[in-house]
Every structure is written in C-alpha cells, then in structure tokens.
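Structural description and commentary
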Amino acid sequence: MTTADVHRSGFACLVGRPNAGKSTLTNALVGEKVAITSGRPQTTRHTIRGIVNRPDAQLVLVDTPGLHRPRTLLGERLNDLVRDTLTEVDVIVFCVPADQKVGPGDRYIASQLADLMRGRRGTPVVVAVTKTDTVSRDRVAEQLLAVSALGDWADVVPVSAVRGEQVDVLTDVLVGHLPEGPELYPGGELTDEPEAVMVAELVREAALEGVRDELPHSLAVVVDEIVPRTRADGSPRPEGDQLLDVRVDVFVERDSQKAIVIGRGGSRLRDVGTRARTGIEALLGSRVYLDLHVKVAKDWQRDPKQLRRLGF
C-alpha cells in the first residue's frame, strides 16, 4: 500500500472551558450544523459526534460540555462525561479563545490534559486557538505564546471557525494523528446522533436565544414523540403532503423561568417554535408541526431522579 492509498480513521475530542468555541468549530470542521451554538456558556450537554469524510480519512469529532469547576450534581455529571470521553479518543483538541487571556480555567484543563499525554496511551493534544477573527494579529501571536507555555502540545493551530480560516489546516493536523483504518461510519454520514437528540438540541438553542442569564443551566428539552400525521381515517397522507407531528417538552426549574420562556401572551414560545422548526424541517426533510410544552421540574439539576428522567 502506498502512502497515497493509506486511509486513516479515528476519534478526536474537542475540549475547553465553557464558551471556548468548541461547537462552532465542530460545525466548521464537518461543514454542516451538527452541534448547537449559543453565546451562553454550557450550551452543549451531550457528546455530539460530527463526522468529517475525506477520500483519505474519516475523522469523528466528539464535542463535549466545557470542563469547569462544578457547583451542582449536573455540573459534576457533565465533567465526568468529558473525562470519560477523553480516555477513549485518538487525539484531543484543546480549544482556547484568542479574545480572552489564558486564565485559571485553561490552566485547570491543561493540567488534566498533561496527565492524559503522560498516561499509558499517551494521547496527543492539539491546541486550537479559536476566534482569531475577533482580535488583531499581534493578539493572536501573544495568545499562541501563552498557550505554548501551558504544556508540551503536539501542535498549536490558530483558527477562525466563523471565517473558515485554517480549518483545513487543523483537519490535516488531526488526521495526521489518527491510526490507519477503514471508515467507522458509512460514507456521507455527518453525525451518529439520534434524530430526537438533534431535534431537542435545536429547540434548546432557539429557547436560549436572547434570554437572561439565569436560564441556560435550568433548561432541559425532551422530545416526546415524532410521528407522521395521518388522514382522519388513519391512512397515510399522499406523497408531497407529508407532515410530521413533533411534540417536545421544555423543562425549567421555577415558575418564573416558565414565564420567561413563554413570554407575554405566548409570544416568546411562538418565536422559539418558528426558529426551531426551520432547523428541524431541514434535519428531518419534511414539513413539521411543532408542539411545544413548557413544564416546571423543580430544582432538577440537583435531583438524581429527575436528572435520570431528563437523560443525564
């Protein structure tokens, strides 16, 4: 087999403190929207896999919640999820934003990653300095020096996911760290997330748009059902007139938060539904009737039984 014929495949995990640009970078690498993005920290709750397909490689990206010092049971579970994921991948991408000075959160993560690099498997860590489009070249250069001083990294790559700058370079670097192997997923797939999880994430993203700070952690979304609507007699609707009924429950922790999500006279909830439906119809390839219900699950982040019920 010549070098040109070598096919590589494996897993890369994106890690970083909350709001470091991990989900935006995942979407840029895949070339499609597979991870939800929000200007708010702790948007990602599930490890979402995006799949980069090339003739010479298949790179499976695992997006994680931000590693942080936890204050709730949910926070502890999210951190455990990240650590479990890190032990199972071929290469780790440590995302550090260019527009914020290296801080205690970055140093905390760097120390955790140093243990993995020295561990039995010796997992390589590539640093992606994200959001380079938001600062000057001098500031990018300063940040590259600052992150290089944090650890003995395999590579450091500055990147702008929004502008697509250096995204291909980062892909090449990550593929270089993968073992030789066949495709892990059928060609052309972009994610292995179940549709219900993707639908829930799209609703959650829409619900987080433009809300006050108290809401992000308190919001959980569960898809109740996705079913094709039938005619009155129960027979299937004709081709070209298909419609999916998508019923979704949005859980908050307090009545005051429920009022925020619904808005005056239901105006906010209608807005959330309109925004989410566009993404859901693109995802499912069908017209959708989206039925949203907002429910209160008191202090669910601290209640093990409710955490399980909501999928954590």
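About the criteria used
Residues numbered from 1 in each chain as written. Predicted model: local features only at pLDDT ≥ 70, side-chain atom pairs only at ≥ 80, totals over all residues. Heavy atoms only, no water. Helix = DSSP H or I, 4+ residues; strand = E, 2+ residues; numbered from the N terminus. Buried < 20%, exposed > 50% of the residue type's maximum accessible area, 1.4 Å probe, protein only. Pairing = 2+ DSSP bridges. Axes fitted to C-alpha atoms, helices over the stretch in contact; angles between N-to-C directions. Contact = heavy atoms within 4.5 Å. Expected span 1.5 Å × (residues − 1). Arc of directions from axis to C-beta. Core = buried A, V, L, I, M, F, W, Y, C linked by side-chain atoms within 4.5 Å. Parallel < 35°, antiparallel > 145°, perpendicular 65-115°, else oblique. Nonpolar A, V, L, I, M, F, W, Y, C, P; charged D, E, K, R; others polar.

1. Focus: the environment of A141
Here A141 lies in helix 4 (residues 137-148). On the accessibility criterion, A141 (38% relative accessible area) is partly exposed.

2. Let's talk about the sheet that holds strand 8 (residues 243-252)
Here we have three strands laid out as an open sheet, ordered 7-8-9, and mixed in their pairing. Looking at strand neighbours, the two that pair on one side only are strand 7 (220-228) and strand 9 (287-296), the edges of this open sheet. The sheet shows a mean angle of 20 degrees between the axes of neighbouring strands, taken without regard to direction. Here strand 7 pairs with strand 8 via eight bridges, running antiparallel. Each bridged residue has a counterpart across the sheet, and for V223 the counterpart in strand 8 is V248. Sitting on the sheet, helix 6 (residues 195-208) touches strand 7, strand 8 and strand 9, and the angle it makes with strand 7 is about 125 degrees. Helix 7 (residues 255-262) rests against strand 8 and strand 9 of the sheet, and its axis sits at about 155 degrees to strand 9.

3. A short note on helix 4
Within an α-helix, residues lying three or four positions from one another point in the same direction, as the helix has 3.6 residues per turn. Between the first and last C-alpha of helix 4 there are 17 Å, a value that for twelve residues agrees with the 16 Å anticipated at 1.5 Å per step. Along helix 4, the residues classified as buried are R139, V140, Q143 and V147. Relative to the axis of helix 4, the buried residues are bounded by an arc of 100 degrees and lie together on one face. Seen from the buried face of helix 4, the exposed residues on the opposite side, beyond 90 degrees, are R137, D138 and L145. For helix 4, the elements touching its buried residues are strand 4 (91-97), strand 5 (125-130) and strand 6 (155-158).

4. Quick notes on the nonpolar core
With 25 residues, the main nonpolar core has V203, V246, V248, I280 and L290 as its most contacted residues. Secondary structure elements with two or more residues in this core: helix 6, strand 7, strand 8, helix 8 (267-284) and strand 9. Here the element with the most residues in this core is helix 6; it accounts for seven residues. V93, V126, V159 and L174 belong to the second-largest nonpolar core, a separate cluster that totals 21 residues.

5. Digging into unusual backbone geometry
Residues other than glycine seldom take positive phi values, yet K131 does so here, at roughly 60 degrees. In this fold, K131 is placed in the loop between strand 5 and helix 4. The partly exposed category is assigned to K131, whose relative accessible area is 23%. Phi angles above zero are rare outside glycine, and Q166 is one such case at about 70 degrees. Mapped onto the elements, Q166 comes out in the loop between strand 6 and helix 5 (167-176). Note on Q166: relative accessible area 36%, which makes it partly exposed.

6. Observations regarding the packing of helix 7 against helix 8
Helix 8 packs onto helix 7 with a crossing angle of 60 degrees between their chain directions and a minimal axis gap of 5 Å. When the interaxial angle is binned, helix 7 and helix 8 end up oblique. Side by side, helix 7 and helix 8 meet where I260, V261 and I262 of the first sit next to S267, R268 and L269 of the second. Residues belonging to the contact of helix 7 with helix 8 are distributed by class as follows: four nonpolar, one polar and one charged.

7. Observations concerning the pairing of strand 4
Counting buried positions along strand 4 gives seven out of seven residues, so the element sits mostly inside the fold. Looking at chain direction, strand 1 (residues 8-15) and strand 4 are connected through four bridges and run parallel. Counted as the bridge partner of A12 is V91 from strand 4. When strand 4 meets strand 5, the two strands line up parallel, connected through six bridges. For I92, the partnering residue across the bridge sits in strand 5 and is V125.

8. Section: the environment of L113
Examined against the element boundaries, L113 turns out to sit in helix 3 (residues 104-118). Residue L113 is classed as buried on the basis of its relative accessible area of 0%. The spatial distance from the C-alpha of L113 to the C-alpha of T123 is 8.8 Å, given a sequence separation of ten residues. Setting aside residues up to four positions removed in sequence, L113 forms contacts with V15, L86, I92, F94, V125 and W153.

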